Amino acid sequence: MKNIVLSFVLMFSSLQVCQSQEWMTSLDASKRLASIQNKLIFMMWEDSTTFPFPVKVLDTNGRVVFVEDMFKNESINQLIWEHFIPVVVNESQYAELYNQIKDKRPDRYIDKFNDDSIKIMDVNGNIINTDIIYDQYLNMTAFIMKYYMDTSFLKVELDNYSKEQNVITSFRLASKYIDAAAIVNDEVRQEIIDLSNIYLKEAEQRLPNEDVENKAALQQKSELLKLLQDVILDKPKRVLRKLRKLEDTQIDSTNESLLALLYFTSYRLLKDEKNASLWRSKLSLVNLKKANTIITNVQ
């Protein structure tokens with residue numbers, strides 16, 4: 001996924017002629033289309049589209065071009081449609097959408113939800129780009145290169161979560177987003193980890209109330225997945241400190257492979273091959289590949 005994002009050079013030509021395509025006006029419909037096309041959603045509040053939105057882009061010669069209003073530029077509109085599913089949402093839906101996240105998201109997320117800027121969302125409507133951009137002119141070329149993502153990597157987990165939201169589908173989607181964080185553009189890695197936390201916290205909240213086997217193992221898995229997030233954020237020393245505190249804890253058999261992945265990858269990130277070798281034989285081929293992916297992309 002990281003290679004997909006970085007492999008194309010986004011160019012713009014003010015002379016390009018293209019047919020204008022209207023943005024969608026239904027968030028639910030945009031979610032369905034995003035799921036079909038394996039894209040993220042490019043959402044803005046309707047009122048924010050009624051005044052000029054200045055951006056800058058690269059032309060075909062690599063020069064910076066300033067555009068006073070992206071809403072009136074067909075070339076930019078085409079670029080947005082090529083990489084996202086754009087939707088404009090009427091403020092009449094604000095209360096309903098806000099109630100879905102009230103007391104469930106950090107202040108930075110709520111601020112992003114409320115403001116007039118672009119919101120990049122996954123197919124479930126969760127915002128990814130919670131960082132604040134202070135530039136007067138948004139660099140649309142860099143923005144698209146940063147947030148464009150082919151979500152086919154997540155399709156199975158996204159589809160299962162869409163069909164039934166429960167502790168298992170939430171855990172699996174959280175875990176898959178953690179895996180995705182290791183292979184996306186490193187500039188968006190923290191935000192993908194934050195997105196995975198939304199589903200991980202949701203799974204933890206569902207756990208006490210759902211009829212699932214071995215709840216203790218699932219709770220333990222949640223704690224280990226949080227350590228995997230730290231591994232992917234290149235914090236191996238912190239992970240090892242926390243793992244050592246678990247040495248007197250009984251690790252459930254279902255979590256032993258995840259534990260081995262954490263130890264092996266952390267030691268490898270620290271270039272401690274001696275200790276890493278102690279865990280290598282305990283890794284499955286899948287987790288060995290995952291470890292190598294993390295090591296290659298994180299360092």
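Before reading on, note that the structure itself is shown above.
Residues numbered from 1 in each chain as written. Predicted model: local features only at pLDDT ≥ 70, side-chain atom pairs only at ≥ 80, totals over all residues. Heavy atoms only, no water.

Chemist: Give a detailed account of helix α5 (residues 107-114), specifying residues and quantitative values.
Modeler: Residues of α5 that are buried: Tyr109, Ile110, Lys112 and Phe113. Angularly, the buried residues of α5 cover 160° about the axis, an arc narrow enough to put them on a single face. As for α5, its buried residues are in contact with β1 (40-45), α4 (94-101), β5 (119-121) and α9 (189-206). (Buried < 20%, exposed > 50% of the residue type's maximum accessible area, 1.4 Å probe, protein only. Helix = DSSP H or I, 4+ residues; strand = E, 2+ residues; numbered from the N terminus. Arc of directions from axis to C-beta. Contact = heavy atoms within 4.5 Å.)

Chemist: Any details on the sheet that holds strand β3 (residues 64-67)? Residues and values, ideally.
Modeler: Read across the open sheet, the 3 strands follow the order β3-β2-β6; overall the sheet is mixed. One side of each edge strand has no neighbouring strand; the edge strands of this open sheet are β3 and β6 (138-139). (Pairing = 2+ DSSP bridges.)

Chemist: Now, about the side chain of Asn255: what can you tell me, with residues and values included?
Modeler: Structurally, Asn255 is set in the loop between α11 (236-245) and α12 (256-269). Discounting chain neighbours no more than four positions away, the residues touching Asn255 are Ala217, Gln220, Lys221 and Leu224.

Chemist: Describe in detail the pairing of strand β2 (residues 55-58), supporting the description with residues and values.
Modeler: Burial along β2 is one-sided: Val55 and Val57 are buried, and none of Lys56 and Leu58, which face the opposite way, are. The antiparallel hairpin formed by β2 and β3 contains 5 residues in its connecting segment, where Gly62 sits at a positive phi of about 80°.

Chemist: So what's going on with the sheet that holds β1? Which residues, and what values?
Modeler: With mixed pairing, the 3 strands of this open sheet are ordered in space as β4-β1-β5. Edge positions in the sheet fall to β4 (84-89) and β5, since each of these pairs with one other strand and no more. Neighbour-to-neighbour, the strand axes of this sheet turn through a mean angle of 30°, independent of strand direction. Where β1 meets β4, 6 bridges bridge the pair, whose relative direction is parallel. In the strand pairing of β4, Ile41 is matched with Ile85. Where helix α2 (residues 27-37) meets the sheet, its contacts fall on β1, β4 and β5, and the angle it forms with β4 comes to roughly 175°. (Axes fitted to C-alpha atoms, helices over the stretch in contact; angles between N-to-C directions.)

Chemist: How would you explain the layout of surface pockets if you had to name every residue and give the values?
Modeler: By volume, the largest pocket amounts to about 950 Å³. Lining the largest pocket are 37 residues, and of these Arg105, Asn124, Asn126, Ile198 and Glu202 lie nearest its centre. In terms of residue count, the dominant contributor to the lining of the largest pocket is α9 (9 residues). Taken together, the residues of the lining of the largest pocket break down into 14 nonpolar, 10 polar and 13 charged. Taken as a whole, the second largest pocket spans an internal volume of roughly 490 Å³. Taken together, 22 residues line the second largest pocket, and the ones lying closest to its centre are Arg172, Ser175, Lys221, Leu225 and Thr254. Elements supplying a minimum of two residues to the lining of the second largest pocket: α8 (167-181), α10 (215-232), α12 and α14 (285-298). (1 Å grid on protein atoms, 1.4 Å probe; cavity = no way out; pocket = protein on both sides within 12 Å on 5 of 7 lines; lining within 4 Å. Points joined across faces, edges and corners; volume = space filled by probe spheres on them. Nonpolar A, V, L, I, M, F, W, Y, C, P; charged D, E, K, R; others polar.)

Chemist: Residue-level account of helix α3 (residues 74-83), with values.
Modeler: Summarising burial for α3: 7 of the 10 residues are buried, a large majority. Elements that come into contact with the buried residues of α3 comprise α2, β1, β2, β3, β4 and α6 (140-147). Of the residues flanking the start of α3, the one acting as N-cap is Asn73, its side-chain oxygen 3.1 Å from the backbone nitrogen of Ser75. (Polar contact = N/O pair within 3.5 Å; in protein donor to acceptor, adjacent residues only side chain to side chain.)

Chemist: Before we move on, can you summarise the pattern of salt bridges with the specific residues and values?
Modeler: For the structure shown, the criterion picks out 13 salt bridges. The partner of Arg63 in a salt bridge is Asp59, and the shortest N-O contact between them spans 3.0 Å. For Asp59, a relative accessible area of 10% corresponds to the buried category. The residue Lys226 makes a salt bridge to Glu223 at a minimum N-O spacing of 3.4 Å. One end of the pair, Lys226, and the other, Glu223, are both in helix α10, 3 residues apart, so they sit about a helical turn from each other. For Lys226, a relative accessible area of 27% translates into the label partly exposed. You can call Glu223 partly exposed: its relative accessible area is 38%. One network of salt bridges, with partners in common, ties together Arg108, Asp131 and Asp194. (Salt bridge = Lys/Arg side-chain N within 4 Å of Asp/Glu carboxyl O.)

By themselves these figures say nothing about function.
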